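# Results of the structural survey
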Amino acid sequence: MIGVGDMVLLEPLSEDSFIENLRKRFDHNEIYTYIGSVVISMNPYRSLPIFTPEKVEEYRNRNFYELSPHIYALADEAYRSLRDQDKDQCILITGESGAGKTEASKLVMSYVAAVCGKGQEVNKVKEQLLQSNPVLEAFGNAKTVRNDNSSRFGKYMDIEFDFKGDPLGGVISNYLLEKSRVVKQPRGERNFHVFYQLLSGASDDTLKKLKLDRDFSKYNYLSLDSAVVNGLDDAANFRTVRNAMQIVGFMEDEVQSVLELVAAVLKLGDIEFKPESRCNGTDESRIKDKNDLKEMCELLGIEQSVLERAFSYRTVEARLEKVSTTLNVAQAQTKARHKVMGVLDIYGFEIFEDNSFEQFIINYCNEKLQQIFIELTLREEQEEYVREGIEWTNIEYFNNAIICDLIENHQNGILAMLDEECLRPGTVTDETFLDKLNTICAEHQHFESRLSKNSKFLTDHSLPHNCFRIQHYAGKVLYRAEGFVDKNNDLLYRDLSQAMYKANHSLIKQLFPEGNPAKVNLKRPPTAGFQFRASVGTLMKNLQTKNPNYIRCIKPNDKKASHIFTDSLVCHQVRYLGLMENVRVRRAGYAFRQAYEPCLERYKMLCKRTWPHWRGPAREGVEVLMADLPVPAEEFSYGRSKIFIRNPRTLFFLEERRRQCLQDLATLIQKIYRGWKCRSHFLLLKKSQIVVAAWYRRYAQEKKYQKIKSATTVVQSYTRGWQARKLLRELKYQKRCEEAVTTISAFWHGTQVRREYRKFFRANAGKKIYDFTIQRIMQKYFLGLKSTMPSVSPIDKSWPANPYRFLDGVHTELRRIFHLWRCKKYRSQFTEEKKAVYEEKLEASEIFKDKKALYPSSVSQPFKGDYLEISKNPKYQKLHSAVDEKVLLADVVNKINRANGKGTARIFLLTKKSVVLADQKTGQVKASVPLPDLASVSVSTQSDGFFALRLKEGSASAVKGDFLLSSDHLIEIITKLHRTGATAADSEQLDIDISDEFLLQFKHDKVCVKFIQGAPKNGNSVSCKRKNNRLLEVSVPTTA
């Protein structure tokens, strides 16, 4: 191992040795170091081969100190504690901007996703959790002078697990999104990634729809000096973000709405205002060029006059810095108890040349995190000594609660005074706020201001008059008071909210609910500081309920370059992170502690009484082991469940003795192994010699046998050859005799036949010539037919003309046979699905042809079945899960109200066993009718879409009466009902009643439904009216 992996074991311990150990490990690509259970992470500013799937398997289910320090070890320890011990965990990742906090959170999440369970649903949840990062980074990260992918918001993710340790989902909370970056960026920095990704990676058609151009220089909100960042491929990242949004759960129309909103923000930055004077002498503002305003209104669906009025009737400075506000913390509360692992990736401590309200809030959050780190670390350390019964003296340490109190005190805190200034009547400015701070906080030891009554800062020229300075745990920070009051107010004028609410854009309406005129709230909204303080308080309470795991990220240099280690920068971070104090706390009592069982298992070979097996309790075995070793008694103590070792040298002594014992054991094992190997080799040689001798004797006998066999074969072959040649001569002589007799007989028979043929030739010559001629004509006819054959399409009616009249019958029969053949060949190409469609069309023809006026228009329309895509649409997921069987048909129909004849939209589902009617909006099942309960279906002879489901009397479904429905796909619905009823084993043939007048049973009354033809009304639509208690009249427009 390079250097010391755990700083607790560092000897000697000093700040210089601490920094030198970090440097040594950093130079050898060892970027992780422990302080007990705390992980120090150095940003390498390059890719390292230590995050491969092989590394994941290496650290999986291994003890924390078993392998070299790694972030995977901490993630595995947290996950196993959550899974096996049912302890909620949280992983706190802190450090400066650019120290690698976001990458550390990605590594933790990817490791947890890799080691938890498998399965289709589990993999879907894991993929959604991992793909949430690209989306959040696109809209919340930007390039700054310190970091090319700086998080401009705080993120806390709670990942929920079931009892098996499989992820169920997650809840992401955001803190203090830096909204001012949209309209203004410091020199050398960029706007949020999504603007550059959209212009670089979107297709030309998409940009045309969004009314955008790829040229960054055309948009005022995009800084040009840092538009292109080395190592960032905005086009590829845009494709990654689009894919991630689909995986997370965004529908295509929702993605388009988000992109339209991003394009509208870019357009908003190009709107410029000009001053004008009204007739009464007052000033007003007007928009210079309304083209950008027009395109923005088209994207958002807002009337141009409404948005122009909202802009112009307020004093607007479009290029000035906007207010940054906090996002409310929305923690999901579930009834079931789940295991939770929280991952906190929040902005680091920031000290810029110009620090404003955002930096003040960010540094306040880091103060709170530092406070909880110190308290939880010391409390856990000291409680362990008390719990184990070890004598312990309380350790004093610096508590930054005084700084937190300076900021968040409800009476005299800076945030409280800022809220008081924002809410009080009269003239409120940043100067009055600063005066109040100077009056109340002047004597505070961590507050500095040149205007305060404290005389020691009156001559401090590094402290401007409009600024104040706070001594944070990480150093002094100078804050400019300008903008504090406005940014804390976070006001949005009501006329702008109402203008946005009038938009036809669904996403805009959701973002501005306060613009709803029906829900006008005159109460003043809470300030940004109040919201953030409440959010941080909720976060701290949440973290205190979980077992903390710490990752302290350190930036090795300010140049974002690899292989550069700046001692002063690292030393500053080590100091304000309190890492040296953390090491001293760990070493103040005992530098190392371990449970009795693993301690005995590791060092049992050091004592003959404990090696190789100890039969008693583990503590007694450790006591016997330590008593047998030359270790002073004051160097260790026995707790209730652990042994505590005071000095690292003792641990090094145990490890050295263990290494020597392992070498002796290895030597013994080698000796025994070599003896066994030599004996095995001798026995193998002896056995081989016996086998070789046996095989040789067998080989010699086989060779002798082969020689005798070969000689015998030669003698036999000579004898058989002489006999065969003798037989061949006899057979040849016999064959020549037979051939001579056959030749003589053939000549004689030929002479006789020629004599007879000459007698009858003249009498039979005409018939033979006729037969030959007919044969030649038939041959010519078939050859000509072969070259003029029509196509194999069944609808091709052409056929070659008949050249010979006497072949009319044959010509017609061949045409019929050819047509049957090509029809059979065409049918053989059908798939089972296509056959089923044609069978349904054929059955529809048998049912409705020449009986229903609507049938001819349905012939050209294909039967789709599932018109709602109920298995894919998430809107109907609940309804799809409620139906156990395969859905044969899903469509929206109108259920006719028996009282007034009006229709109500219902979802019509047909399965193999039942008909289901459900509410179109909620998906709730309203009625389910088994197919055996259907008696018949009644339709009219006209071109309407009405049909009635008549139920069997006495069945359970007949309580509410028959159903009268209307559909645009009546022919398909009736056909599928008829086919399904015919194939069901437990139902009879479904009757189809086609009549313009039929009776329906509505609860206790029978109502006659009568179809009449009338003049076109209401746009040629069919109307249904109830004439009296016994008659429903359906008026069908007369077709031309």
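Scroll up for the structure.
Structure report, in brief.

Calculation notes
- Residues numbered from 1 in each chain as written.
- Predicted model: local features only at pLDDT ≥ 70, side-chain atom pairs only at ≥ 80, totals over all residues.
- Heavy atoms only, no water.
- Phe/Tyr/Trp six-rings, centres within 6.5 Å; stacked < 30°, edge-to-face > 60°.
- Helix = DSSP H or I, 4+ residues; strand = E, 2+ residues; numbered from the N terminus.
- Buried < 20%, exposed > 50% of the residue type's maximum accessible area, 1.4 Å probe, protein only.
- Lys NZ or Arg CZ within 6 Å of the ring centre and 35° of its normal.
- Pairing = 2+ DSSP bridges.
- Salt bridge = Lys/Arg side-chain N within 4 Å of Asp/Glu carboxyl O.
- Axes fitted to C-alpha atoms, helices over the stretch in contact; angles between N-to-C directions.
- Core = buried A, V, L, I, M, F, W, Y, C linked by side-chain atoms within 4.5 Å.
- Contact = heavy atoms within 4.5 Å.

Here the focus is the packing of aromatic side chains. Per the stated rule, a full pass over the model turns up 24 aromatic pairs. Centroid distance Trp799 to Phe818: 5.7 Å. Interplanar angle 40°. Geometry classified as tilted. Taken together, the positions of Trp799 in the loop between helix H24 (648-787) and helix H25 (808-828) and Phe818 in helix H25 put the pair 19 residues apart, joining distant regions of the chain. Each of the two residues, Trp799 as well as Phe818, counts as buried. Aromatic rings pair up to connect Phe357, Phe360, Phe433, Phe447, Phe468, Tyr479 and Phe484 into one cluster. Sitting above the plane of the Phe163 ring, Lys164 keeps its charged end 4.9 Å from the centroid.

Take the pairing of strand E13 (residues 475-480) next. Within a regular beta strand, the side chains point alternately toward one face of the sheet and then the other, so they alternate between its two faces. Bridging between strand E12 (residues 467-472) and E13 involves six bridges; their strand directions are antiparallel. Its bridge partner being in E13, Gln471 is matched across the sheet by Lys476. The loop that links E12 with its antiparallel partner E13 comprises two residues.

What follows concerns the pattern of salt bridges. Within the structure shown, the criterion is met by 41 salt bridges. Of the charged contacts in the structure, one is a salt bridge between Glu298 and Lys211, with a shortest N-O distance of 3.2 Å. Here Lys211 lies in the loop between helix H7 (204-209) and helix H8 (234-248) and Glu298 lies in helix H10 (residues 291-300), a separation of 87 residues in the sequence. Using a relative accessible area of 28% as the deciding quantity, one classes Lys211 as partly exposed.

A few words on the sheet that holds strand E19 (residues 903-910). Here eight strands make up an open sheet; going across it, the order is E21-E20-E19-E18-E24-E23-E22-E25 and the pairing mixed. Whereas interior strands pair on both sides, the edge strands pair on one side only; in this sheet they are strand E21 (925-930) and strand E25 (991-994). Between one strand axis and the next, the sheet turns through 30° on average, direction left out of account.

Time to look at the nonpolar core. Judged by nonpolar contacts, the single largest core of 106 residues is most densely connected at Phe18 and Leu543. If one sorts the elements of this core by residue count, helix H12 (residues 357-388) sits on top with eleven residues. When sequence neighbours within four positions are dropped, the list of residues in contact with Leu543 reads Cys90, Leu92, Tyr156, Leu344, Leu369 and Ile372. One finds Leu207, Val258, Leu299 and Phe512 within the second-largest nonpolar core, a separate group that totals 51 residues.

The next thing to look at is the side chain of Ser966. With respect to the element layout, Ser966 can be found in strand E24 (residues 963-966). If we skip the residues at most four places from it in the chain, Ser966 touches Val893, Asn894, Ile896, Gly945, Phe946 and Phe947.

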